[in-house]
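Summary of structural features
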Amino acid sequence: MNVVLTPVMIGQVIISGILAGALYAMVALGLALIFGVMRVINIAHGPLLMLGAYGTYFLWQATGVNPYLTLPVTMAALFVLGVLLQRALVFRVVDAPELSSLLLTFGVSIALVNLAQLAFTSDLRAVEFLTASFRLGPFAFSKSRLVAFAVAAAITAGAFVFLQSTRLGKAIRATSQSREVAMVCGIDVQRIHLLTFGLASALAAAGGTLIAVIVAIQPEMGQIWTFKSFLVIVLGGAGNYPGALVGGLLLGLVEQLASLFLTTQLSEAVAYVLLVVVLLIRPSGLLGGRQT
Amino acid sequence: MSARRPMVLVLIAVGLAALAAYPTVGTGYGVRAMLQLFMWIALAGSWNLVSGLTGYVSFGHVAFFGIGSYATAILITRAAWPWLPASLAGGVAAAVLALVIGYPCLRLKGPYFAIAMLGLNEVLRVLVSYFEGLTGGGLGLSLPTLQATLPIYYVMGATAAAVTLLTYLILTSRFGLRLMTIREDEIAAEALGIDTFRHKLSALLLSAVGPGIVGGLAARDQGYIEPISVFPLATTITMIVMVLFGGKGTVWGPVLGAAVLFVFQEAVWARFIYLHQLLFGAIIIAVVLLMPRGVLGLLQLKYRLPRTI
Amino acid sequence: MTPRALGSLVLIVAAAGGTLPAAAQGPIRIGASLSLTGTYAEPGRFQSEGYKLCEKDLNARGGLLGRKVEMVVYDDQSMPATGVRLYEKLITEDKVDAVMGPYSSAISEAVANVTEKYKKVMVAPLAATTSIFKKGRRYAFMMVSPAEVYLEGLVDIAAKRGYKTIAIINEDTLFPKSSAQGTEELARKAGLQVVFKEAYPKGNQDFSGLLTKLKASNPDVLAAATYFDDAVAIARQMKELDVNPRMFAVTVGGDIPRFQELLKQTAEYIYGSSQWEPTLPYPGAKEFHDAYQKEFKHEPSYHAAAGYAGCVIYAEGVKKVGTLDADKVREALLALKTRTMFGDYQVDKDGAQIAHKTVLLQWQEGKRVVVWPDDLANGKPRFPR
Amino acid sequence: MAFLAVEGVRKSFGGVAAVNGVSFALEAGRIYGLIGPNGSGKTTLFNCITGLERLDAGRVTFKGERIDRLRPYRIANRGIGRTFQVIRVFPELTALENLLVVTRGPRVDAERRGRELLELVKLERLAGEYAGNLSYGQQKLVEFVRVLMTDPALILLDEPAAGVNRTLLNDLLAAVARLRDQGRTILLVEHDMKVVMGLCEMVFVLDHGEKIAEGPPGLIQADERVIEAYFGR
Amino acid sequence: MIAAPPLLVAEALTAGYGRIDILHDVSLRVNVHEIVSIIGPNGAGKSTAFKTIVGFLTPRHGRVLFDGEEVTGVRPNLVLRRGLAYVPQGRIVFPQMTVLENLEMGAYIERDRARVAAALERVYALFPVLAERRRQKAGTMSGGEQQMVAIGRALMTTPRLIMLDEPSLGLSPKFVTLIFEKLVEMRSAGYTLMLVEQNAVRALGIADRAYVLELGRNRFEGPGAQLLADPEVKRLYLGG
């Protein structure tokens, strides 16, 4: 009954891990941005992703358009929603103790999930598109996951370019390095916060669109992504944006390898244990600098 | 203060007597609803002990409830213990767990501690499912049928009272002051010679016992437990919101918060089946934004009242 | 919570709350709490619609014992603790005349303690775990066939076709786990070798690691004890990872029309088990299907049918003895042996179901075809080339 | 044997040395001053002595025993008390509670001593007020007497005079002198030269994390390097 | 000279954090092309006064006028647009950004590329070392260099008044001298400067006018040289 592990199997799960990891990195980058700039852990990040997934589903249903083409629409819509959330609620807890922001965004999270249940029902939905896989040697590559990997990698790269070399992107980085100096540089920190929340939500939406084509959609699909994203940014070093990439790939691989070597049941626990261990050894994450 | 003291004690005594007499007049549902309220008071009060006093936000406090449930259920089903000692053993199991996870996690600060606790709750749920030889895994544990709602009502009530009394004793002691120094300024506390780590650990330990016991009582009363129903994140959040609403760091805040929110929850869910989650979310947001200090916290600050209100 | 109950909570100090005037001789009120929100919201809703249709049909035929029937349904949020409290409320505050079961084995298990305490007969239409009924309870009755035999048909067909190996996976919760254990036992008895067995946690979405191992064990047959979400996810990921056993069955999920709507071509050849199908040659099955369709504007699932049938069986018991008295109704239900639109009903002395059959379906060209047991089948199993 | 010996202590943050090889020794029962421009490493040195920062190199011995690897609370319990430059009272504890937190033994005794100390700094009528509601100067005084509650043998004061009004300042200085007379050892960081010169028997001067001078106040004031670094000619 | 109105007027400011007031009725004034120094012991409220003027804090009483317009409580990013730049205490830079990026952030509100380039040239001319190190991450530089980055960043918008909070804090003597030389150089170049300093002698030495604060109140004011000679000031700060 014990399955003998072969190199092919290990290769296959490493492929799965890397494909998943890029997606993790992109979604987590959104959470990392908000945490880096405002020190807020946005528990509603996953539910925003869920909304993105529904956006893709309904657009695909209504127009029959290639679901990947809905990406700009869902990202734009969630960008706006993110800005509104920040404007209406989150800005009030930016400097409050962490309990306030955790709870506030948790409240937003369950409200969003419940609204989705009311609006869309709890019925499972799926975007049946690109379901097959192709083979390369002994390995199977899921087409939808491969596309998700490529798009996520491209968007993540785009986000890095934006942060690295545009005026607004630099303002976001500046704000996360020192809010005080950013203000005296003339940066409207409130606006940067709005922009950051909007961008982060757009990244969640992109995740939602890509995931919609991979797994079935339902209102509660999001929460798990909040926690995975948090794992990713802690592993990579909170506030360190390239760290999200490292953390995402690491989490993807660890989860997959754990479910191969142990069982699927334990893989979630392994990820959390890894988190606590990393925090204890390097409180600022794998790529993080000295904690201040 | 000293003049008012006997009056307060009389009030408390009358209240307790009324609660003790309630089952003779209440319906089965009323008794069970009160029993649930006691459970929430014990849970909220316990969370307040660690997070309200030391400021270390436990986002995984339901883990102690869950481990208490399982310890009790295992002792009852596998070792045929009577439910009362088994529930108390649930409290002990929770305290042991608090030691084991507090030891690494209390070295973390701020949101890291909060999320690590949350993560460990998940890990625990997974482990409970995994070690199915002992726990029945996903099958859960079904306890032998027993009608003991009434004695459980009293023990649950006693636990809630004990947690509240413990809060009072701690808040009025120098041990309690030292716990609060951790919330106020951990570095200064340490520099003054307070072993902050040991104090945090003690607080976590004390705050674990109550949930462990009520977890055991709830398991016994319900007769069936499974991993997903005893480790839900929503329970932790509910405790936190109750404490925040009533006023964290006070004696009666958790009691008030638990009573108001529980009654509200019971009143709302029957009427707005599809909206209650939404309302719960709205309540959380409202409490965080409008009254982060809670009802009693505001009164305390405004009228310079002692924390024992 | 009613204002009354609120009052009793608030006025405990005055010790004035509590006893209320007994319900007047009005309609017969039947209470139930169902999972209208939360994890089990979807099947819970079907079940509640089954109850509602039953209420309507009973009243259309003159009610029960000459009284109108009125269902009182609450939402337990898919949580056992809430269910327990709600049954207390139904029985002690709303003073309903009878109760019907909630959704799921876990919640039925928890609330059965309450209904026992107050000696209320509870037909639990969607509790598929036999152990609930084997704990000395007197008033609980089971409607569906137990989880353990959900995939009896799969094993039977596989053995007859000469397949040798089987892999079994399951979600690690009460019902799927019981199913998996039962399937393993059936498989061993039928001479199949279990080459792979693993559980996964509730809510799991990524099965790559598990399926990679499973693929390596190369089973002829894959039995997956699932709910709907994971059934869909596993089917999709098997395709992605090119896992192709000769037979692949899921427990819950494969029977629901949405399974095929979601998966389209991927659903082809997949087996699902079902407690009930509208096409089965049971008396009144088609009529029920049509009436339900008319009433709720969508297809009934087996949860709806079981709910309806549970209510019908209870009414049957009451009619037999002409009273609502629990002990008499209990005797009647223990003795009852019948075939409803839901199929056969007969329980052992503990109230556990022994007659009802689970059928095995297969998706063939986008349609559900019953392929097992032979006497209920309307088609033959197909095998991918 | 020195009462407190600091030997070659080094501490850097992000590659920049805040304290760079500082050594000095204190004898029991005297008042020492530690001066130097802002950012010269005085507070970091205090943190190194009290265990709030881990040393990169060097050692600290107190009454002959090494303390530089101990957790801060252990160092405090061995008899080293300190105040902070940025006030660190516990704002949601009352003034009296601030003093009680570290006491042991019968509570009535502790409260009596607490009230006496509050009286010393003329705050007795504010004993029941939340510390956060007190003025800056009052908080400073609460912090000062809080250290005295445990009767430490060595007291490190980080700018005790800053922000305290003149009448209270004189009381405070008198209290410090009295502590010395009772056999306590005091090391204080202070910018108010009047305080330093009037109170200290010995002064250490830090600049850029290094000790550049040491001696009685009179000599220090005339030291060219000190004038250069501190008075900024 | 009398005709020229003051560039900055702070009138009777009372301000603080939370429930505690740090400043009590503090008034300050800066004229065009002056260096104004504010000295005083720690806890005197010097930095608080700056934070109130720049808009990090809103005063409980009093008002701030910049160039005749009221800017009381106006946020720092908007005050900057009116020409008031601020160099915070502790030579704070964006540590993970290069020197060039730090300077560019200083010109965040300036969208005209040509003007940014010109400002950059001026900063490089004042601090040639920054031109050499433009690709270096600011967090890896020495304290003195970081302070130059911080000052250079404030110059990127060509402000009319530059407020520096303890520019010599923690710098080595070489850099302290250098920074003070640069401040004088900046005045010659037409800038108006206001600084809070711990290094009283130096600060008074370069100041056209100076204020001494104590316990959150005005205590002395006058020309720098005059205060430097004042026996009372000497007694307070020089221990003499």
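Keep in mind it's a predicted model, so treat the numbers as computed, not measured. (Residues numbered from 1 in each chain as written. Chains lettered and ligands numbered in written order. Predicted model: local features only at pLDDT ≥ 70, side-chain atom pairs only at ≥ 80, totals over all residues. Heavy atoms only, no water.)

Turning next to the overall build of chain A. Each helix and strand counted, chain A has 11 helices and 2 strands in total. Helices (α) and strands (β) of chain A occur, in sequence order from the N terminus, as α-α-α-α-β-β-α-α-α-α-α-α-α. By the compact-globule yardstick of 19 Å for 292 residues, chain A fits well, its C-alpha radius of gyration being 19 Å. Principal axes of the C-alpha set define a box for chain A whose edges measure 65 × 50 × 35 Å. By residue count, 64% of the 292 residues in chain A fall in the buried class. Within chain A, contacts between residues separated by at least 24 positions form 77% of all contacts whose residues are at least 6 apart in sequence. In the form shown here, chain A has an accessible surface area of approximately 9600 Å², with 69% of it arising from carbon and sulfur atoms. The averaged location of the 9 negative side-chain charges in chain A is 10 Å from the averaged location of its 15 positive side-chain charges. (Helix = DSSP H or I, 4+ residues; strand = E, 2+ residues; numbered from the N terminus. Rg over C-alpha atoms; globule rule 2.2 N^0.38 Å. Buried < 20%, exposed > 50% of the residue type's maximum accessible area, 1.4 Å probe, protein only. Contact = heavy atoms within 4.5 Å. Areas by Shrake-Rupley, 256 points an atom, 1.4 Å probe, with all protein chains shown as cover. Lys, Arg positive; Asp, Glu negative; His and termini not counted. Charge placed at Lys NZ, Arg CZ, Asp CG, Glu CD.)

Another point: the state of the cysteines. All names here are of chain C. Using the criterion set out here, one finds 1 disulfide over all chains in the structure. Between the sulfur atoms of C54 and its disulfide mate C311 the distance is 1.9 Å. The disulfide joining C54 to C311 has a torsion of about -70° about its S-S bond and is therefore left-handed. Taken together, the residues C54 in helix α2 (residues 41-60) and C311 in helix α11 (residues 302-321) connect sequence positions 257 residues apart. The class of C311 is buried, set by a relative accessible area of 3%. (Disulfide = S-S within 2.5 Å.)

Bringing the nonpolar core into the picture now. Counting residues in each nonpolar core, the largest one holds 293 residues, and the members touching the most others are B:F59, E:I53 and E:M194. No other element matches the 17 residues that helix α2 (residues 28-54) of chain B contributes to this core. Residue contacts for E:M194: discarding those within four places in its chain leaves E:L8, E:L28, E:V30, E:V36, E:I38, E:F50, E:I53, E:L161, E:I162, E:M163 and E:L164. Counting residues in hydrophobic clusters, the runner-up holds 84 residues, among them C:I30, C:V84, C:A128 and C:V329. (Core = buried A, V, L, I, M, F, W, Y, C linked by side-chain atoms within 4.5 Å.)

Attention now moves to the interface of chain C and chain B. On the chain B side, the residues contacting the 45 residues of chain C number 40 residues. Between chain C and chain B the total buried area reaches about 3900 Å² when both faces are included, carbon and sulfur atoms providing 63% of it. Summed over the shared surface of chain C and chain B, the number is 3 salt bridges. C:E88 is paired through a salt bridge with B:R32; the nearest N and O atoms lie 2.6 Å apart. Applying the counting criterion to the chain C and chain B interface returns 14 residue pairs in polar contact (both at pLDDT 80 or more). Elements supplying a minimum of two residues to the side of chain C that touches chain B: α1 (3-10), α3 (80-93), α4 (105-117) and α6 (174-189) of chain C. If one sorts the elements of the side of chain C that touches chain B by residue count, α3(C) sits on top with 9 residues. (Buried area = accessible area lost by both parts, 1.4 Å probe. Salt bridge = Lys/Arg side-chain N within 4 Å of Asp/Glu carboxyl O. Polar contact = N/O pair within 3.5 Å; in protein donor to acceptor, adjacent residues only side chain to side chain.)

An ideal rise of 1.5 Å per residue puts 20 Å on 14 residues; helix α4 (residues 107-120) of chain D measures up with 20 Å between its terminal C-alpha atoms. Every buried residue of α4(D) is listed here: D:A110, D:G114, D:L117 and D:L118. Projected down its long axis, α4(D) carries its buried residues within an arc of 100°, all on one side. As for α4(D), its buried residues are in contact with α8 (174-191) of chain B together with α3 (95-100) and α5 (136-148) of chain D. (Expected span 1.5 Å × (residues − 1). Arc of directions from axis to C-beta.)

Let us now look at the confidence of the model for chain D. On average, residues of chain D score 89 in pLDDT, and 97% of them are at 70 or above. Reported confidence for the predicted complex is 0.87 by ipTM and 0.90 by pTM. (pLDDT = per-residue confidence, 0-100.)

Let's shift gears to the interface of chain E and chain D. Listed per partner, the contact involves 23 residues of chain E and 26 residues of chain D. Summed over both partners, the interface of chain E with chain D buries about 2000 Å², with 49% contributed by carbon and sulfur atoms. Its largest share of buried area at the contact with chain D, chain E owes to E:I20, E:N42 and E:L215, together 26% of the area lost on that side. One can count 0 salt bridges joining chain E with chain D. Taken together, chain E and chain D are joined by 0 residue pairs in polar contact (both at pLDDT 80 or more). Elements with a contribution of two residues or more to the side of chain E that touches chain D: β2 (20-30), α8 (200-206) and α10 (231-238) of chain E.

By the definition in use, this model includes 70 salt bridges over all chains. Residue D:E92 pairs with B:R293 through a salt bridge whose shortest N-O separation is 3.0 Å. Here D:E92 is found in the loop between β6 (80-82) and α3, whereas its partner B:R293 is found in the loop between α13 (276-290) and α14 (294-302) on a different chain. For D:E92, a relative accessible area of 28% puts it in the partly exposed group. Here C:D344 and C:R339 are joined by a salt bridge, their closest N and O atoms 2.8 Å apart. Residue C:D344 is classed as partly exposed on the basis of its relative accessible area of 25%. Overall, the relative accessible area of 40% leaves C:R339 in the partly exposed class. Because the salt bridges share partners, they merge into one network encompassing D:E27, D:R30, D:R180, D:D181 and D:E201.

Next up on the list: the sheet that holds strand β3 (residues 31-35) of chain D. Residues and elements named next belong to chain D. Pairing is mixed in the open sheet, where 6 strands are placed in the order β6-β7-β8-β3-β9-β10. Two strands bound the open sheet, and with one partner strand each, they are β6 and β10 (210-215). With direction set aside, neighbouring strand axes in the sheet form an average angle of 20°. Alignment of strand β7 (residues 154-158) against strand β8 (residues 185-189), held across 5 bridges, turns out to be parallel. Counted as the bridge partner of D158 is V189 from β8. (Pairing = 2+ DSSP bridges. Axes fitted to C-alpha atoms, helices over the stretch in contact; angles between N-to-C directions.)

All names here are of chain A. Together, I14, I18, L245, V246 and L249 make up an exposed nonpolar region whose accessible area comes to about 330 Å². Elements supplying a minimum of two residues to the nonpolar patch: α1 (7-38) and α10 (241-261). Sort the elements by how many residues they give to the nonpolar patch and α10 lands first, with 3 residues. (Patch = residues over 30% accessible without salt bridge, like charges linked within 9 Å, V, L, I, M, F, W, Y side chains within 5 Å.)

To continue, consider the pairing of strand β7 (residues 161-165) of chain E. All names here are of chain E. With 5 of 5 residues buried, β7 is to be regarded as a mostly interior element. On β7, burial covers both faces: L161, M163 and D165 on one face and I162 and L164 on the other are all buried. As defined by bridge partners, strand β6 (residues 84-87) adjoins β7 across 4 bridges and the pair is classed as parallel. For Y86, the partnering residue across the bridge sits in β7 and is M163. The pairing of β7 with strand β8 (residues 192-196) spans 5 bridges and is parallel. From the neighbouring strand, L164 faces β8, where its bridge partner is L195.

A word on the packing of aromatic side chains. Applying the stated criterion to the full structure yields 30 aromatic pairs over all chains. Ring centres 6.2 Å apart and planes at 50° place the aromatic pair A:Y57 and A:W60 in the tilted group. Taken together, the residues A:Y57 and A:W60, both in helix α2 (residues 45-63) and 3 residues apart, mark about one turn of the helix. When sorted by exposure, A:Y57 lands in the same class as A:W60, which is buried. Residues C:Y40 and C:Y227 carry aromatic rings whose centres are separated by 6.2 Å and whose planes lie at 45° to one another, so their mutual orientation is tilted. With C:Y40 in the loop between β1 (28-34) and α2 and C:Y227 in the loop between β8 (221-225) and α8 (228-240), the pair connects residues that are 187 residues apart, well separated along the chain. Take C:Y40: its relative accessible area is 8%, and that puts it in the buried class. Pairwise contacts between aromatic rings join A:Y54, A:Y57, A:F58, A:W60 and A:F120 into one cluster. Seen from the ring of B:Y103, B:R107 lies directly overhead, with NZ or CZ sitting 4.8 Å from the centre. (Phe/Tyr/Trp six-rings, centres within 6.5 Å; stacked < 30°, edge-to-face > 60°. Lys NZ or Arg CZ within 6 Å of the ring centre and 35° of its normal.)

To continue, consider the environment of B:L124. Residue and element names in this part refer to chain B. Checked against the element boundaries, L124 lands in helix α5 (residues 110-130). Judged by its relative accessible area of 12%, L124 is buried. On a C-alpha basis, the gap between L124 and I67 in space is 8.3 Å, while along the polypeptide they are 57 residues apart. Residues in contact with L124, not counting those within four places in the same chain, are A63, I67, L97 and F231.

All right, on to the sheet that holds β2(E) then. Residues and elements named next belong to chain E. Ordered by their spatial adjacency, 4 strands build an open sheet running β2-β1-β4-β5, and the pairing between neighbours is antiparallel. Each of the sheet's edge strands pairs with one partner strand only, and the pair in question is β2 and β5 (69-70). Summarising the sheet, strand β1 (residues 8-17) and β2 pair through 7 bridges and their orientation is antiparallel. Residue pairing for β2: A10 is matched across the bridge by L28. Of the strands in this sheet, β1, β2 and β4 (61-66) touch helix α1 (residues 46-54), which is tilted by about 110° from β1.

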